[in-house]
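Examining the three-dimensional arrangement
Spelled out, the chains give:
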Amino acid sequence: TRAYASTKPGNAKLMTAAAPLIDSHCHLDFPVLRAGLAAELQRCAELGVERLVIPGVEPRNWEALIELAENHPQLWCCLGVHPWYTEQASEKVWDKLVRLARQHEAKVVAIGECGLDRMKGSLERQRPVFLRQIQLARELDKPLVIHAVRCHAEVYRILLTEGKGIAGVIHGFSGSLEEAQAYVSLGFRIGVGPTLTRSNSRLRQVVKALPAESMVLETDAPDMALAGLQRGEGLPRHVADVWELLAELREEGDDLRATLYRNSLELFGWAD
């Protein structure tokens, strides 16, 4: 297998007759991407990226996020409170989330991103906000988009006791194979993103060992970027580069691509 660093970042091939791609997590609402939205969506279409999902981060931006998704047929969104913004959580906010999710059922496909982050803020402050969003996911019959940074054991324990029967994805995963398998055992999928393109990433061994049915593709653009690019330079089109490397690492082709597509359709309730 060639080293990814030997190729030019963002140089994925044009669309073939294979199954479409889905970027299950990108922040197209962030100003740096919003400015060039039309051109980026066109480039994604050329690369076979059929759908893109934008997670919610702050309650004050939810309406704008929904408007963006409703104005573009390729876009869907999630509503959630990121663990960095737990100070915005309140019962009024949760009432708003339920109201908006029900009013815009066709475009709101998940709750999140939510979760725990040991690198910023207090886990004690984050935990009840995460738990409330798990409850809302159950109430609304939506999957969870989970942000977990250096706290996989805590997130797993919460999902084990509070998340039974709820689908979801652990986005931007960079943990161990054992951690990934633990999530998969609960019915969660693993979000595979640009971290894969780093030559020293342990995610490379993880994705080779996981069942294909347990993974979905993502970019987390703009923050997460391909190897060779700077943080903040990520683009949704780079999901095609992540796909190409994943196929190369697993030595699989169209069947794997079709499985990944089906995984996202099932996750977000688009499957027939």
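Residues numbered from 1 in each chain as written. Predicted model: local features only at pLDDT ≥ 70, side-chain atom pairs only at ≥ 80, totals over all residues. Heavy atoms only, no water.

Here we look at the overall build of the chain
Selection criterion: Strands are runs of DSSP state E lasting at least two residues, helices are runs of H or I lasting at least four, and both sets are numbered from the N terminus onward. To get the radius of gyration, use the C-alpha atoms; to get the globule rule, take the number of residues to the power 0.38 and multiply by 2.2 Å. Exposed residues in this analysis have more than 50% of their type's maximum accessible area, buried residues have under 20%, and partly exposed residues fall in between, with area computed by a 1.4 Å probe over protein chains only. Whether two residues touch is decided by their heavy atoms; if any such pair falls within 4.5 Å, the residues are in contact. The method behind every accessible area is Shrake-Rupley, applied with a 1.4 Å probe, and residues are considered shielded solely by the protein chains displayed. The convention is simple: Lys and Arg are positive, Asp and Glu are negative, and His and the chain ends are not counted. Every charge is mapped to an atom, namely NZ of Lys, CZ of Arg, CG of Asp or CD of Glu.
In terms of regular secondary structure, the chain is built from 10 helices and eight strands. The C-alpha radius of gyration computed for the chain amounts to 17 Å, which stays within 12% of the reference 19 Å derived for 272 residues, consistent with globular compactness. Along the first, second and third principal axes, the C-alpha set of the chain runs to 50 × 40 × 40 Å. A burial count over the chain gives 57% of its 272 residues as buried. A sequence separation of at least 24 residues applies to 74% of the contacts in the chain between residues at least 6 apart. When the accessible surface of the chain is totalled, it reaches about 11,800 Å², and 49% of it is carbon and sulfur. Side-chain charges in the chain split into 32 positive and 36 negative, and the spacing between the mean points of these groups amounts to 3 Å.

Regarding the environment of Leu 226
Looking at the element boundaries, Leu 226 is found in the loop between strand S8 (215-217) and helix H9 (239-250). By relative accessible area, Leu 226 is classed as buried at 1%. Taking C-alpha positions, Leu 226 is 6.0 Å from Thr 197, a pair spaced 29 residues apart along the chain.

Remarks on the packing of aromatic side chains
To keep it simple, the criterion reads: Aromatic contacts are taken between Phe, Tyr and Trp rings whose centres are within 6.5 Å, Trp giving its six-membered ring; a plane angle under 30 degrees counts as stacked, one over 60 as edge-to-face, and the others as tilted. Note on geometry: a ring has a charge over it if NZ (lysine) or CZ (arginine) is within 6 Å of the ring centre and within 35 degrees of the ring normal.
Applying the stated criterion across every chain yields a total of three aromatic pairs. On the basis of an interplanar angle of 90° and a centroid distance of 6.3 Å, the ring pair of Phe 173 and Tyr 183 is categorised as edge-to-face. Taken as a pair, Phe 173 in the loop between strand S6 (168-170) and helix H7 (177-185) and Tyr 183 in helix H7 lie far apart in primary sequence, 10 residues in all. Here Phe 173 falls in the buried class, since its relative accessible area comes to 1%. In textbook terms, an aromatic cluster arises when at least three aromatic residues are bridged by ring pairs, as seen for Trp 76, Phe 268 and Trp 270. Between the NZ or CZ atom of Lys 107 and the centre of the ring of Trp 76, over which it lies, the distance is 4.2 Å. Between Lys 120 and the ring centre of Trp 84, over which it is positioned, the NZ or CZ distance is 4.3 Å.

Considerations on the side chain of His 238
Position of His 238 relative to the elements: it lies in the loop between S8 and H9. For His 238, a relative accessible area of 4% translates into the label buried.

A look at helix H4 (residues 91-103)
Applied cut-off: The span one expects for a helix is its residue count, reduced by one, times 1.5 Å.
Compared with an ideal rise of 1.5 Å per residue, which puts 13 residues at 18 Å, H4 spans 18 Å between its outermost C-alpha atoms and is within 8% of the ideal. When H4 is considered as a whole, its buried residues turn out to be Val 93, Trp 94, Lys 96, Leu 97, Val 98, Leu 100 and Ala 101. Those residues of H4 that are buried are in contact with helix H3 (62-70), strand S3 (75-79), strand S4 (108-117) and helix H5 (123-140).

Brief notes about unusual backbone geometry
With an omega of 15°, the peptide bond between Gly 112 and Glu 113 qualifies as cis. Mapped onto the fold, Glu 113 is located in strand S4. Going from Ala 221 to Pro 222, the amide bond is cis rather than trans, its omega being 5°. Relative to the assigned elements, Pro 222 resides in the loop between S8 and H9.

Considerations on the sheet that holds strand S1 (residues 21-23)
We count it as follows: Between any two strands, at least two bridges found by DSSP are needed for them to pair. Axis definition: a line fitted to C-alpha atoms, limited for helices to the stretch in contact. Angles are taken between N-to-C directions and run from 0 to 180 degrees.
Taking strand neighbours across the sheet as the criterion, the eight strands line up as S1-S2-S3-S4-S5-S6-S7-S8 in an open arrangement whose pairing is parallel. Each of the sheet's edge strands pairs with one partner strand only, and the pair in question is S1 and S8. Taking each pair of neighbouring strands and ignoring which way they run, the sheet shows an average axis angle of 30°.

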